[in-house]
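Observations on chain architecture
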Amino acid sequence: MPLVAGFDSSTQSCKLVIRDAETGALVREGRARHPDGTEVDPAAWWQALGTAVEAAGGLADVAAVSVAGQQHGMVCLDEAGRVVRPALLWNDTRSAGAAAELIEEAGGGEAGRRFWADAVGLVPVASFTATKLRWLARHEPANADRVTAVCLPHDWLTWRLAGAPGLAALRTDRSDASGTGYWSPATGRYRPDLLERAFGRRLTVPVVLGPTEAAGTLDPAALAGLPSGAGPATGEAPLGPGAGDNAAAALGVGARPGDVVVSIGTSGTVFSVADAPAADPSGAVAGFADATGRYLPLVCTLNAARVLDAAAGLLRVGLDELSDLALSAPAGADGLVMVPYLEGERTPDRPSATGAVHGLTLRTSTPAHLARAAVEGMLCALADGLDALVAQGARVDRVILVGGGARSAAVRRIAPQVFGRPVVVPPPGEYVADGSARQAAWLALGGDAPPDWSPAGAEEHSAAPVPAVRERYAAARDRVLDRPA
């Protein structure tokens, strides 16, 4: 019974699952928190990884390890492999101006967006690594001068698990490389000219691995400085190529062509497994790669589960009570609409936008109406993403709803009304960590496809669509304001 380990180093925490490689049965697990903020010292991720390993009883008996992580972050290293400055995370929007510059320099407007979509499958926004590199070069030239290599969060953690054996040993995978802005899913190659355009000079970047190529082997000494329970490790376990969090989630739920996954976590993502790369010049759909050799066209919103947290805080209730309140109000909340751009927005590209509530009357001035409007607003923003995927040719055979937000009964029951399709909800789980563990099992066991770990016990929710919810949301969405400069 070989065991495999899969990590999910997310924005909020590090989760580790250790599973049977053949059946996917959970053997043990661990987790640890990450610091809040959009700028984090990668050392905090390393310490959290060690704490999670300690909680899970170590890695001495695992046959392979893989790390999935939050996409797009910028980890800059000097010539000795030291971190130059705290990593800028995907949800740091300070590089919005840099994104606009890169589009303008490529011709501006439709021509500039088309250039980037054709080149790398995406249009620059503040989330992507290329824009963060431009920001660094413009605003922190002294730090920029020290940078020799740039990598992503999961690349850095995999490299550390291998013992940090020099910059030439940095490795990544197709899914995470496809979110940088300087690697093309269509060609499978870096665009060093675009990296140079963003930063001003070329840098060392990780080698991009295929789905079953090893990124090295686990180095027992790498864990020595972590909590005492973090080891020992055998050093014989190969390290998987890893994955971006959304690609790992798709692998974790067993998504296949025709599936659309809606993940409600810190961010909201809507993505489908496809056989061909996407190139959307509007920028709504990012043409990422997946973790199996296919593609993962994806729409991302900045505001997802935290919309529910904010509404619960405003009403001074817990999330379960918020769900009950939302379900006690009628569909459409009697015309009350929340546009949930609480931290700006990525899709649509409105980094300075603010949230808004429309249709407030004496009748709708109740906790139940506000709770319903928060759930519907969050889901409408995700439904816009589903529409964008369909416009790019995505086939929608089923919608799979995952993430922390999917644990809300209100979200599960209202989603079919907003999406206009039945929704499949797998049992609650750590699907990003499960996906990286499944990748590790594929590496350990070999074969042409990953082992079949299809989650059991999924629920299906269906309801008649309520078009008025989307219509009112669309009318309110275009009236939101931007923060003053």
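In this report, the structure presented in the accompanying data block is examined. Residue positions are counted from 1 within each chain, in the order its sequence is given. In keeping with the predicted nature of the model, local features appear solely for residues at pLDDT of at least 70, side-chain atom pairs appear and are counted solely at 80 or more, and the whole-chain, interface and lining totals rest on all residues. With hydrogens and water excluded, all non-hydrogen atoms of the structure serve as input to the side-chain values.

Describing unusual backbone geometry
The condition is simple: Helix numbers and strand numbers start at the N terminus; a helix is a DSSP run of H or I with at least 4 residues, a strand a run of E with at least 2.
One non-glycine residue, Arg316, lies in positive phi territory at about 60 degrees. When you line up the elements, Arg316 lands in the loop between α10 (305–315) and α11 (319–328). The backbone of Asp334 shows a phi angle near 55 degrees, a positive value even though the residue is not glycine. Structurally, Asp334 is set in the loop between α11 and β18 (337–339).

Some details on the pairing of strand β1 (residues 3–9)
What counts is decided by this rule: Under the scheme applied here, a residue whose accessible area is under 20% of the maximum for its type counts as buried, over 50% as exposed, and between as partly exposed, the area being computed with a 1.4 Å probe on protein chains only. For two strands to pair, DSSP has to find at least two bridges joining them.
Summarising burial for β1: seven of the seven residues are buried, a large majority. Residues Leu3, Ala5, Phe7 and Ser9 line one face of β1 and the alternating positions Val4, Gly6 and Asp8 line the opposite face, and both faces are buried. Across seven bridges, the pairing between β1 and strand β5 (residues 62–69) is parallel. The residue of β5 that forms the bridge with Ser9 is Gly69. As paired strands, β1 and strand β2 (residues 13–20) are joined by seven bridges and run antiparallel to one another.

Description of the packing of aromatic side chains
Selection criterion: For this analysis, a ring pair means two rings from Phe, Tyr or Trp (six-membered ring only for Trp) whose centres lie within 6.5 Å, classed as stacked if their planes differ by under 30 degrees, edge-to-face if by over 60, and tilted for the remaining angles.
In the structure shown here, the tally under the stated rule is three aromatic pairs. Each ring, one from Phe115 and one from Trp116, has its centre 5.7 Å from the other, and the planes form 90 degrees; the classification is edge-to-face. On the basis of an interplanar angle of 85 degrees and a centroid distance of 6.4 Å, the ring pair of Phe128 and Phe288 is categorised as edge-to-face. Highlighted residues: Phe128 in the loop between α3 (109–120) and α4 (129–139) and Phe288 in strand β16 (residues 286–289), separated in sequence by 160 residues. By the burial criterion, Phe128 is buried, and Phe288 matches it.

Details of the sheet that holds β1
The following threshold applies: Contacts are assigned to residue pairs with any non-hydrogen atoms lying within 4.5 Å of each other. Throughout, an axis means a line fitted to C-alpha atoms (over the contacting stretch in the case of helices), and angles, computed between N-to-C directions, take values from 0 to 180 degrees.
Reading across the sheet, the five strands line up as β3-β2-β1-β5-β13 and stay open at both edges, with mixed pairing between neighbours. With partners counted over all chains shown, the strands left at the sheet margins are β3 (26–33) and β13 (243–244), one partner each. Sheet contacts for helix α1 (residues 42–55): β1, β2 and β3; angle to β3, the most-contacted strand, approximately 145 degrees. Most of the contacts of helix α14 (residues 431–445) go to β1, to which it runs at about 140 degrees, and overall it touches β1, β2 and β5.

Structural notes on helix α8 (residues 192–199)
Counted only if it meets this: Directions are taken from the helix axis to each C-beta atom, and the arc is the one they span.
Within the span of α8, buried status applies to Leu194, Leu195, Ala198 and Phe199. Along α8, the residues classed as buried sweep out an arc of 120 degrees about the axis, all on the same side. Against α2 (96–105), α3, α4 and α5 (141–146) lie the buried residues of α8. Positive backbone phi, at 105 degrees, marks Gly200, one or two positions downstream of α8.

Overview of the pattern of salt bridges
Formally: A carboxyl oxygen of Asp or Glu within 4 Å of a side-chain nitrogen of Lys or Arg is what we treat as a salt bridge.
Per the counting criterion, the structure on display carries 31 salt bridges. Across the pair Asp387 and Arg470 runs a salt bridge whose closest N-O atoms are separated by 2.6 Å. Placement of the pair is Asp387 in helix α12 (residues 367–391) and Arg470 in helix α15 (residues 467–477), with a sequence separation of 83 residues. One salt-bridge network, in which partners are shared between bridges, spans Glu39, Arg85, Asp92, Arg94 and Glu140.

Digging into the sheet that holds strand β20 (residues 398–402)
The strand order across the open sheet built from seven strands is β16-β17-β15-β14-β20-β21-β22, with neighbouring strands paired in mixed fashion. Pairing within the sheet leaves two strands with one partner each, and these edge strands are β16 and β22 (459–461). The mean angle between the axes of side-by-side strands here comes to 30 degrees, regardless of whether they run parallel or antiparallel. With four bridges joining them, strand β15 (residues 268–272) and strand β17 (residues 295–301) adopt antiparallel strand pairing. Bridge assignment links Gly268 to a residue of β17, and that residue is Thr301.

Looking at the side chain of His154
Put simply, the rule reads: Under the rule applied, a polar contact is a pair of N or O atoms within 3.5 Å (in protein, one hydrogen donor and one hydrogen acceptor; residues adjacent in sequence only if both atoms are side-chain atoms).
Within the element layout of this structure, His154 appears in helix α6 (residues 153–161). On the accessibility criterion, His154 (0% relative accessible area) is buried. Looking at His154, its side chain comes within polar contact range of the main-chain oxygen of Pro241, at 3.0 Å. A polar side-chain atom of His154 sits 3.5 Å from the main-chain amide nitrogen of Ala243. Ignoring any residue separated from it by four or fewer positions in sequence, one finds His154 in contact with Val67, Ala68, Gly69, Thr172, Asp173, Asp176, Pro241, Gly242 and Ala243.

Describing the environment of Leu308
Relative to the assigned elements, Leu308 resides in helix α10. Judged by its relative accessible area of 5%, Leu308 falls in the buried class. Leu308 sits 229 residues away from Glu79 along the chain, and the two C-alpha atoms are 44 Å apart.

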